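# Examination of the molecular architecture
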Amino acid sequence: NGLIITAVACHHRLHTPMYFFLLNLSLCDLGFVSTTLPKAMVNSLWDTTAISYTGCAAQLFVFFFFFSTEYFILTVMAYDRYVAICKPLHYRTLLGSRACATLAAAAWGSGFLNSLLHTSNTFSLPLCHGNAVEQFFCEIPQIVKLSCSHYFLREIGLTVVSACFVFVCLIFIIVSYVQIFRAVLRMCSEQGWHKAFSTCLPHLGVVSLFLSTAFFAYLKPPSIPSRALDLVLAVLYSVVPPAVNPLIYSMRNKQLKDAL
């Protein structure tokens with residue numbers, strides 16, 4: 001992710017909308033994985049599981065900020081691909097420098113507001129069931145488990161509202177890709193088919209993995225108590241996408257490899 005950020009920032013040929021959004025995604029991935037893994041590694045090496053209340057709140061806020069922003073960036077990237085393939089003659093008009101900056105700012109701003117709302121709401125709950133978070137980082141579902149039963153419904157309601165918003169973005173991504181595939185299938189060039197599908201299908205795979213595991217982790221019924229399952233789900237949506245995204249979006253890209 002660091003190499004991608006450096007290459008896009010320093011190489012003038014990569015100063016295009018697609019690589020601008022890729023730079024934003026790499027920044028998200030870098031922040032996303034750096035929020036949880038270093039602390040978990042330190043805890044493992046020093047054989048401790050302690051984290052302060054303030055540190056826990058800060059970790060949850062930063063983690064959810066990058067988590068939300070990454071999803072919004074992925075949505076914007078789907079729109080970028082849609083315009084590039086379905087409306088190539090209008091690409092520079094629809095995605096000029098001001099439009100790209102506005103979309104990126106909207107993604108980061110929405111992620112910040114979403115994180116602030118969830119963090120303030122989660123840590124305003126009275127914690128009546130101890131102070132042990134059964135996860136390798138401070139995660140909303142695990143903290144909600146510690147709250148009194150008649151208070152946590154507020155956070156559950158907020159999570160459901162956020163899930164509905166996420167679902168709207170998912171519909172937008174799916175509709176964008178349906179239009180992309182329809183345009184690709186009308187192409188005469190087999191090389192064009194291969195290039196479009198090799199770009200789109202891995203993106204859809206990462207989005208599906210990211211969303212399905214996060215949805216299950218955050219909306220899993222309490223009747224399925226499993227610490228091992230919670231750990232696996234957390235790793236799948238917090239560690240795998242930041243590691244896989246550079247391979248999918250960048251290392252297979254000849255222009256970026258030449259820049260590197």
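Residues numbered from 1 in each chain as written. Predicted model: local features only at pLDDT ≥ 70, side-chain atom pairs only at ≥ 80, totals over all residues. Heavy atoms only, no water.

### Overview of the overall build of the protein
Applicable threshold: Helix and strand definitions here come from DSSP, where helices need a minimum of 4 consecutive H or I residues and strands a minimum of 2 consecutive E residues; each element is numbered from the N-terminal end. Working definition: with a 1.4 Å probe on protein chains only, accessible area under 20% of the residue-type maximum means buried, over 50% means exposed, and in between means partly exposed. When checking whether two residues touch, look at their non-hydrogen atoms; a contact exists if any pair is within 4.5 Å. Only the protein chains shown count as cover for residues, with accessible areas throughout obtained via the Shrake-Rupley method and a probe of 1.4 Å.
Each helix and strand counted, the protein has eleven helices and zero strands in total. Each helix and strand of the protein, placed in order from N terminus to C terminus, yields the pattern α-α-α-α-α-α-α-α-α-α-α. When each of the 260 residues of the protein is scored for burial, the buried share is 45%. A fraction of 73% describes how many contacts in the protein between residues 6 or more apart in sequence connect residues 24 or more apart. Carbon together with sulfur atoms contributes 69% to the accessible area of the protein, which is approximately 13,600 Å² in total.

### A short note on the nonpolar core
Selection rule: The criterion is simple. A nonpolar core is a set of buried Ala, Val, Leu, Ile, Met, Phe, Trp, Tyr and Cys residues joined through side-chain atoms within 4.5 Å.
Formed by 60 residues in total, the largest nonpolar core has its most connected members in Leu22, Tyr71 and Leu256. Here this core gets 18 residues from one element, more than from any other, and that element is helix α3 (residues 53–86).

### Brief notes about the UniProt feature "transmembrane region" (unreviewed entry) in the protein
To be explicit about the condition: UniProt positions are given in the numbering used here, feature names are shortened, and annotations may be inferred rather than shown by experiment.
Here, the residues flagged by UniProt with the feature "transmembrane region" (unreviewed entry) are residues 19–37, 57–79, 99–117, 156–178, 199–219 and 231–249. Across residues 57–79 one finds 100% helix and 0% strand; the C-alpha atoms that close the span lie 33 Å apart. Helix makes up 95% of residues 231–249 and strand 0%. Its end C-alpha atoms lie 27 Å apart.

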